[in-house]
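Residue-level structural notes
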Amino acid sequence: MAIEYAQRIRRIPTYPVAAGYDLGADVAMLAANESHWPPAAEVVEAAAAALRGVHRYPDPAYAPLREALSARYGIPSSRIALGNGSCDILLAAGEALLEPGAEVVYAWPSFSVYAHLAAASGARAIEVPLDGEDRHDLAAIAAEVTVATRLVLVCNPNNPTSTSLPLDELDAFLAGVPQHVCVILDEAYCEFSLRLGDPYASLGLLARHPNVVLLRTFSKAYGLAGLRAGYALCGTDTFRTAVDQLRQPFYVNAAAQAAAVEALRHQDEVERRVVATVAGRQALADGARQLGLWVAESDANFVWIRVHDAADDRAAEHEAAVVAGLRERDVLVRAGASLGRAGYLRVTVGSERDHERLLAGLEALLPH
Ligand SMILES: *Cc1c(COP(=O)(O)O)cnc(C)c1O
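Residues numbered from 1 in each chain as written. Predicted model: local features only at pLDDT ≥ 70, side-chain atom pairs only at ≥ 80, totals over all residues. Heavy atoms only, no water.

As a further point, take the domain arrangement of the protein. Structurally, the protein comprises domain 1 (7–38 + 268–365) and domain 2 (41–263). Just the C-alpha atoms count here: the centres of domain 1 and domain 2 sit 24 Å apart. For the pair domain 1 and domain 2, the two sides together bury roughly 2400 Å², of which 60% comes from carbon and sulfur. Our count for the domain 1 to domain 2 interface comes out at 1 salt bridge. (Domains from an automatic or database assignment. Buried area = accessible area lost by both parts, 1.4 Å probe. Salt bridge = Lys/Arg side-chain N within 4 Å of Asp/Glu carboxyl O.)

Turning our attention to the side chain of Asn301. Along the chain, Asn301 turns up in the loop between β9 (294–295) and β10 (302–306). Within the structure, Asn301 has its side chain in polar contact with the backbone oxygen of Asn33 (distance 3.0 Å). Setting aside residues up to four positions removed in sequence, Asn301 forms contacts with Asn33, Glu34, Tyr189, Phe192, Lys220, Thr277, Thr348 and Val349. (Helix = DSSP H or I, 4+ residues; strand = E, 2+ residues; numbered from the N terminus. Polar contact = N/O pair within 3.5 Å; in protein donor to acceptor, adjacent residues only side chain to side chain. Contact = heavy atoms within 4.5 Å.)

For the rest of this paragraph, the subject is the packing of aromatic side chains. Overall, the coordinates contain 12 aromatic pairs when judged by the stated rule. For the ring pair Tyr189 and Phe302, a centre distance of 5.0 Å and an interplane angle of 70 degrees mean the geometry is edge-to-face. Remark: Phe302 occurs in strand β10 and Tyr189 occurs in the loop between β6 (182–186) and α8 (203–208); sequence separation between them is 113 residues. The two residues Tyr189 and Phe302 agree in class, both being buried. Ring centres of Phe218 and Tyr231 lie 5.5 Å apart, and the angle between their planes is 50 degrees; on these two criteria the pair is classed as tilted. Of this pair, Phe218 sits in the loop between β7 (212–217) and β8 (230–234) while Tyr231 sits in strand β8; the two residues are 13 residues apart in sequence, bridging distant segments of the chain. Like Phe218, the residue Tyr231 is buried in the burial classification. (Phe/Tyr/Trp six-rings, centres within 6.5 Å; stacked < 30°, edge-to-face > 60°. Buried < 20%, exposed > 50% of the residue type's maximum accessible area, 1.4 Å probe, protein only.)

Let us look at the sheet that holds strand β12 (residues 334–335). Strand order in the open sheet formed by 4 strands is β9-β10-β13-β12, with antiparallel pairing between adjacent strands. Every interior strand has two partners, whereas the edge strands, β9 and β12, have only one. Set on the sheet, helix α12 (residues 315–328) makes contact with β12 and β13 (344–348); between it and β13 the angle comes to about 30 degrees. (Pairing = 2+ DSSP bridges. Axes fitted to C-alpha atoms, helices over the stretch in contact; angles between N-to-C directions.)

Okay, here's the thing in structure tokens:
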């Protein structure tokens, strides 16, 4: 007899994990949209100081982190949800909002975790194709909202296609979504967005649309992916209480809390890294375009590159060969096929040297 698991274990897709964490030091890690800069020394010291007290549980009220976020964004603590990475909040939102008979609407391709939410809950997933320029098609998404809809997910800028939408379009879209529907704007990359301008730009949406949740993370611009800390700025405190009710009490560990609080004190450093990343993404996109490749207009810390000819019906095969060839050159990127669209690569902005290695690899591997 084998162990019998719940139905949903057969439905939930396996997260497409990035490879390469077992490789040596000299690898261009361009597959997971991490920061290629280590955390600031003060941030490391804050985490280390927290380790000296880990015989105690972490602060269950998360007071310093909540207060630091509240002060920064002018949102009351009662409307700030925290999580073991923002994915933790996403999964809890799925549990809090979805069940059989309910519907969740999101664009596709978009963040791979979204597909998990319906599968885990038994709700119906409605995946709305991106438009011709790989952006969210808000009119098509709005058309899918019904009385059964509980949750709409909008990833802005979108992972994996790197594209973004202007706030006025989102605002008009939100005005048409009924108030009983929770809309999570996944802003994991908002700090890199020139279109948004700054991470305060979207806060006005919360005041106008209390059913909105802005999902943010310390994993990307703040460079703390390995510690796991994320947060959500919520239009209403019921979202926060619902996601807290579902989870274990200690969902952000003590080192992560301390590091996140300290990281928020170093906005100048964050800003410098963002500026360098934006310059890097332009250089990377230009380099790929010089090889004759189409690159989406990126507003994030990664670029989305088409590596197959539109007439080629073997896009997946071709893409897999390019990904494998890059890997042999110790350059790790993400294959579009694992993210919902074959024939593309998602490449994180890295160092200049990482980009040189990637572009040299692409030049050697692509047909001329
Ligand atoms: C990276 C990412 C996240 C953040 O995940 P964490 O759990 O906070 O590390 C959330 N949404 C999207 C779209 C992402 O790409």
